[in-house]
Amino acid sequence: MTDVSVPVTTKKDWTSDQEVRWCPGCGDYSILTAVQMLMPELGDTRENTVFVSGIGCSSRFPYYMNTYGIHSIHGRAPAVATGVAVARPDLSVWVITGDGDGLSIGGNHLIHALRRNVNLTILLFNNQIYGLTKGQYSPTSEVGKVTKSTPFGSIDHPFNPISLALGAEATFVARTHDMDRKHMQEVFRRAHRHRGAAFVEIYQNCNVFNDGAFDQILSKEARPTNLIPLEHGQPIRFGADHEKGVIVDGQGKARIVDVADVGEDAILVHDEQRAEPGLAFMLSRLATGPYEPTPVGVFRAVDRPTYGEEVQRQLVAAQERQGPGDLAALLRSGATWEV
Amino acid sequence: MTDIAAPGHQSTELDRVVIRFAGDSGDGMQLTGDRFTSASAVFGNDLSTLPDYPAEIRAPAGTLAGVSAFQVHISDHDILTPGDSPSVLVAMNPAALKANLHDLLPGGTLIVNSDAFEERNLTKAGYAENPLGDGSLKAFTVYEVPMTSLTVEATKPTGAKPRDAERSKNFFALGVISWMYTRPTEPTLEWIQSKFGNNQTVAEANTLAFKAGYNFGETAELFESNYQVKPAALEPGLYTQISGNVAVAYGLIAAGQLSKLPVFLGSYPITPASDILHELSRHKNFGVRTLQAEDEIAGVSSAIGAAFAGHLAVTTTSGPGIDLKSEAIGLAVSLELPLLIIDIQRGGPSTGLPTKTEQADLLLALFGRHGEAPVPIVAAKTPAHCFEATIEAARIALKYRTPVFLLSDGYLANGAEPWKLPDVATLPDIAVPFADGPNHDRGDGTREFWPYLRDPETLARPWAIPGTPGLEHRIGGLEKADGTGNISYDPANHEHMVRLRQAKVDGIADDIAPVELDDPDGPGGAPVLVVGWGSTYGTIAAAVRRVRARGLKVAQAHLIHLQPFPPNLEDILGRYDKVLVPEMNLGQLAFVLRGRYLTNAQSINKVQGLPFKAAEIESAIVQLLESNP
């Protein structure tokens, strides 16, 4: 939105008067700061912004934003937000959820919000653990994980949130992490600008129940070798000297190579607008977990009519076809008789 | 076709008749009954209907499980029920005969499709002998009509193959009955054209079959008489025929207009509530938004989101859906947002009897949430009353910022009756204002917005919708501090809020109509009071009439508001030593009345997926009258 009447605001304007109560050192703080700092740049007013969350540590987020907000019930944030967005296409609606809230108890609502392409910006904080309930494994926890509820190691195969979102027909799919505010803000800005459902997975450290889950890719030293930045129109390369790259091999499989071995021209050029999600899906599965080179950035960003627009279109079409509603005429629309 | 009975036929006047059409679920009996009903409505009879069909889309043809029936009661005076027992049964096959014969009144008229009474069908229905030939139907006047072959013959000009042609046999049956009860034929012929107009072969076949049936009645020497049921002397006005589910849909559209709010329905398909979603989806020109959600939980959750955003939000379902929505309904109690939850009750528990009626969700609506989570409840009493009850439920939801249950059931949902159309100008204004500015002084001369600062009279909190500058606020399911709405774990505040939420709902009692007492001798005059709620209204009223016709005294009160109860209920109950509560459950209202008012309420219960018969309640009343105190 480029409404010139939107007043100039600062982070302070978007910060509520409520005390933030996450554990000291939680990755949620840096995500909150990134969002609060970004809001003044997005061109929305506070009154036209709604944050909707479910239940979990991350779902406290709306209380800290000086906007409209609903802290709903476990897993249902995408459904509640769908109601807000369909009723009021004029609003900017954000969903704050986590790996338990969004992928376990609320998995159904998440995939349906994505396939419908409801105009929502969905931020999924993935810390691979249940924090609020004090440390049980989540649907993104790795096999073998020892937690309070899995003393002998988890036997659950985890979800890959990016693969899931792509499979659910999402039109915008991205990943970022809590260690890089600039990257977060760039991804959030893109997600907010996207018309339709934008899904962002944020790797977020839970320093109490799952500390260091992402250290192998997110520590300062690891990032150059283990984060694969996705940039639209650019060859997919990484490493301290961009010495690594991604190709699609003869079997049609995406894999990591030394650029020197295959030549620069062989490196896959990232196209987030590809109609077919297959290649994005392959990229989402380059790493089997956050301990191998992992792509971050926008996997997919394609256009499709949003659900809210289509609802609106049908309302307008019905009015044009049938005229504005006339209650008395409606009640008489069946067979009538006079007594 | 002439309007006059053919020579040799006499025409007999009846004050009422109850007809049941029964056949295989593929035979189109619901359609046949519905058309007969429409023609009778337009003719001016009072009427009441009871569709009864299997849950299976198409159970094996010819079996008892696959029998579908439609009962209609037409009369020349006001009636209250679809009739206890039919005096006319149309049976399209042996299974339909077997499943319904026990209800036919002795001496009643039985019209059978004799073509269907061949060995295979008889075996499927479990008949060792053909009942048409073994004398077992002696108690009835039986007309054997070879409907299938006559239909195939009549529809030959269309060129339809016999297999397709025989599908029109329900229209043949409709024609026979239309002749027999001197129904006007035009409404049905017009309807066939409008319904099947895009398939001329089918339209023509149905028209020919209908006419052939009508003419068969007129010319065959089979029937001694046809019958006339004159128009009823109903209150003057413009009437239409309405089912409960359509009345709910119209009520929602009306509530949207009367509150000047867009209607938002979040719903998941479920029998017997889906027709409300279907009907509302057709009226988008009223600004109605319908979202067919991914599940029941999303249906109510999206409605909560729409309510927050300033819409008249609704979710429609049946019992299993309420189970799933319970947590979200608790959220709506905590958020204090207007929300309509419409439960079209069906037989339970679990999947239960999806297509059959029951009223066993009362305690679920009252208490089916964790914590102290009071929700007002409104219950409709007749199909047409669903319209008014929906507007009343919306009024309470909007004014008090609370979820409200509207209870209907399968019998009301699919049953139909004539409805005197209200003058829309006389419908209530149920609009409420949105909050438009800060409501609390900080004490330093500046003002701020407190989302849980209540209206002192209604105890409703302000409804501040997104888009309103300066009123940004966050609400959620966590306990809130009184006034500010900020998260609070303070023990005293929690108890205070629990009591406030209860007081808000209790206070609605002062804002609802008192329960009407029907006692010709004045309050306390009769020895027995019958108290009911929901769809039993018509049957109870019919039973009360019968008891009074015997010269006995009985009083009736029927509850529309079940939470809170009308304030005069306690006084009324106190005036009667004997209180009888008929319910299609195991005594849920009686349980509440006994608990709340220490009333000696006695139950009569029926849980068969079918409404009471007036005779059943009549005999329970008489029994109670005769019992020692």
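Residues numbered from 1 in each chain as written. Chains lettered and ligands numbered in written order. Predicted model: local features only at pLDDT ≥ 70, side-chain atom pairs only at ≥ 80, totals over all residues. Heavy atoms only, no water.

A. View of the overall build of chain B. Counting secondary structure elements, chain B contains 20 helices and 25 strands. Whereas a compact globule of 629 residues would reach a radius of gyration of roughly 25 Å, chain B reaches 27 Å, a difference of no more than 12%. If you line up chain B on its principal axes, its C-alpha atoms span 95 × 65 × 45 Å. Within chain B, the fraction of its 629 residues that count as buried is 62%. A sequence separation of at least 24 residues applies to 76% of the contacts in chain B between residues at least 6 apart. Working note: accessible area of chain B is about 23,500 Å², and carbon and sulfur atoms make up 51% of it. Here chain B holds 50 positive side-chain charges and 72 negative ones, and the gap between their average locations is 2 Å. (Helix = DSSP H or I, 4+ residues; strand = E, 2+ residues; numbered from the N terminus. Rg over C-alpha atoms; globule rule 2.2 N^0.38 Å. Buried < 20%, exposed > 50% of the residue type's maximum accessible area, 1.4 Å probe, protein only. Contact = heavy atoms within 4.5 Å. Areas by Shrake-Rupley, 256 points an atom, 1.4 Å probe, with all protein chains shown as cover. Lys, Arg positive; Asp, Glu negative; His and termini not counted. Charge placed at Lys NZ, Arg CZ, Asp CG, Glu CD.)

B. A look at the overall build of chain A. In terms of regular secondary structure, chain A is built from 12 helices and 12 strands. Since a compact globule built from 339 residues should have a radius of gyration of about 20 Å, the 22 Å found for chain A is in line with a globular shape. Here the C-alpha coordinates of chain A stretch approximately 90 × 50 × 45 Å along the principal axes. Relative to its full complement of 339 residues, chain A shows a buried share of 55%. Taking the contacts inside chain A whose residues are at least 6 apart along the sequence as the reference set, 65% of them involve residues at least 24 apart. Carbon together with sulfur atoms contributes 52% to the accessible area of chain A, which is approximately 14,400 Å² in total. Charge centroids of chain A, computed over 32 positive and 39 negative side chains, lie 4 Å from each other.

C. Molecular detail of the interface of chain A and chain B. Counting residues at the interface gives 58 residues for chain A, matched by 66 residues for chain B. For the pair chain A and chain B, the two sides together bury roughly 5,200 Å², of which 62% comes from carbon and sulfur. Of all residues in chain A, the largest losses of buried area upon contact with chain B belong to Tyr 68, Leu 331 and Trp 337 of chain A, amounting jointly to 17% of the total for that side. Taken together, the connections running from chain A to chain B amount to two salt bridges. One salt bridge in this structure joins Glu 472 of chain B and Arg 46 of chain A, with 3.4 Å as the shortest N-O distance. Viewed at the interface, chain B and chain A are joined by 32 residue pairs in polar contact (both at pLDDT 80 or more). Looking at the side of chain A that touches chain B, the elements that each hand over two or more residues are strand 2 (68–71), helix 2 (77–87), helix 4 (107–116), helix 11 (307–322), helix 12 (327–331) and strand 12 (336–338) of chain A. (Buried area = accessible area lost by both parts, 1.4 Å probe. Salt bridge = Lys/Arg side-chain N within 4 Å of Asp/Glu carboxyl O. Polar contact = N/O pair within 3.5 Å; in protein donor to acceptor, adjacent residues only side chain to side chain.)

D. Structural context of the domain arrangement of chain B. Residues and elements named next belong to chain B. As far as domains go, chain B holds domain 1 (10–229), domain 2 (240–426), domain 3 (433–511) and domain 4 (517–626). Distance between the C-alpha centres of domain 2 and domain 3: 26 Å. Taken residue by residue, the interface counts 23 residues in domain 2 and 25 residues in domain 3. In total, about 2,100 Å² of surface goes out of reach between domain 2 and domain 3, with carbon and sulfur atoms giving 61% of it. On the domain 2 side of the interface with domain 3, the three residues burying the most area are Phe 308, Glu 336 and Tyr 400, jointly 33% of the side's total. Across the domain 2-domain 3 interface, the total number found is four salt bridges. Here Lys 399 ties to Asp 511 by a salt bridge, and the two come within 3.1 Å at their closest N and O atoms. Between domain 2 and domain 3 we count 14 residue pairs in polar contact (both at pLDDT 80 or more) in total. (Domains from an automatic or database assignment.)

E. Structural context of the pattern of salt bridges. Residues and elements named next belong to chain B. The tally for this structure, following the rule as stated, stands at 39 salt bridges over all chains. We note a salt bridge from Glu 392 to Arg 395, for which the minimum N-O separation is 2.8 Å. One end of the pair is Glu 392 and the other is Arg 395, both in helix 14 (residues 385–400) and three residues apart, which spans about a single turn. Here the two residues Glu 392 and Arg 395 agree in accessibility, since each one is buried. The network of salt bridges with shared partners includes Asp 84, Arg 546, Arg 550 and Glu 618.

F. Examining the environment of Gly 305 of chain B more closely. When you line up the elements, Gly 305 of chain B lands in helix 11 (residues 296–308). Look past the residues within four positions of Gly 305 of chain B in its chain and what remains in contact with it is Val 80, Gly 83 and Val 84 of chain A.

G. Examining the sheet that holds strand 9 (residues 244–248) of chain A more closely. Residues and elements named next belong to chain A. Sheet architecture is open: three strands sit in the order 8-9-10, paired in antiparallel fashion. Pairing within the sheet leaves two strands with one partner each, and these edge strands are strand 8 (237–238) and strand 10 (254–258). With five bridges joining them, strand 9 and strand 10 adopt antiparallel strand pairing. From the neighbouring strand, Ile 247 faces strand 10, where its bridge partner is Arg 255. (Pairing = 2+ DSSP bridges.)

H. Structural view of the pairing of strand 6 (residues 198–203) of chain A. All names here are of chain A. Burial within strand 6 is extensive, with six of its six residues counted as buried. Burial of strand 6 is two-sided: the residues Ala 198, Val 200 and Ile 202 facing one way and the residues Phe 199, Glu 201 and Tyr 203 facing the other way are all buried. Pairing of strand 4 (residues 121–126) with strand 6, which is carried by six bridges, proceeds in the parallel orientation. Paired with Leu 123 across the strands is Val 200, a residue of strand 6. With six bridges connecting them, strand 5 (residues 172–177) and strand 6 associate as parallel partners. Paired with Arg 175 across the strands is Glu 201, a residue of strand 6. At this point the chain moves from strand 5, through helix 6 (residues 181–193), to the parallel strand 6, and the crossover so formed is right-handed. (Right-handed = clockwise from strand over helix to strand, strands pointing away.)

I. Spatial organisation of the environment of Glu 129 of chain B. For Glu 129 of chain B, the position within the fold is in the loop between helix 3 (119–125) and strand 7 (141–145). Residues Glu 129 of chain B and Pro 422 of chain B lie 293 residues apart in sequence; the distance between their C-alpha atoms is 54 Å.

J. Quick look at the confidence of the model for chain B. The predicted model of chain B averages 95 in pLDDT, with 98% of residues at 70 or higher. Under a pLDDT of 50 for its full length, residues 1–8 of chain B has, in the predicted model, 10 contacts with residues more than four places off or in other chains. (pLDDT = per-residue confidence, 0-100.)

K. View of the packing of helix 9 (residues 244–259) of chain B against helix 10 (residues 274–281) of chain B. Residue and element names in this part refer to chain B. In the contact formed by helix 9 and helix 10, the axes pass within 8 Å of each other and the chain directions differ by 45°. Relative to helix 10, the element helix 9 lies oblique. The two elements helix 9 and helix 10 cross, and the hand of that crossing is right-handed. On helix 10, the residues that touch Asn 245, Val 246, Val 248, Ala 249, Tyr 250, Leu 252 and Ile 253 of helix 9 are Asp 275, Ile 276, Glu 279 and Leu 280. Classifying every residue of the contact of helix 9 with helix 10 gives eight nonpolar, one polar and two charged. (Axes fitted to C-alpha atoms, helices over the stretch in contact; angles between N-to-C directions. Parallel < 35°, antiparallel > 145°, perpendicular 65-115°, else oblique. Left-handed = near helix turned anticlockwise from the far one by under 90°. Nonpolar A, V, L, I, M, F, W, Y, C, P; charged D, E, K, R; others polar.)

L. Region of interest: the packing of helix 11 of chain B against helix 12 (residues 319–335) of chain B. All names here are of chain B. The contact between helix 11 and helix 12 brings their axes to 8 Å, and the two run at 20°. Taken as axis vectors, helix 11 and helix 12 run roughly parallel relative to one another. The hand of the helix 11/helix 12 crossing is right-handed. Across the interface between the two elements, Glu 296, Ile 297, Gly 299, Val 300, Ser 301 and Ile 304 from helix 11 touch Gly 321, Leu 324, Lys 325, Ala 328, Leu 331, Ala 332 and Leu 335 from helix 12. Among the residues forming the contact of helix 11 with helix 12, the class breakdown is eight nonpolar, three polar and two charged.

M. Focus on the pairing of strand 13 (residues 339–345) of chain B. Residues and elements named next belong to chain B. Across the seven residues of strand 13, seven count as buried, placing the element largely inside the fold. Every second residue of strand 13 is oriented toward a common face, with Leu 339, Ile 341, Asp 343 and Gln 345 on one face and Leu 340, Ile 342 and Ile 344 on the other, all of them buried. Summarising the sheet, strand 12 (residues 312–317) and strand 13 pair through four bridges and their orientation is parallel. Its bridge partner lying in strand 13, Val 314 is registered against Leu 340. Read from strand 12 through helix 12 to strand 13, the crossover connection turns out right-handed. Across seven bridges, strand 13 lies against strand 15 (residues 403–409) in parallel orientation. Counterpart to Ile 342 in the pairing with strand 15 is Leu 406.

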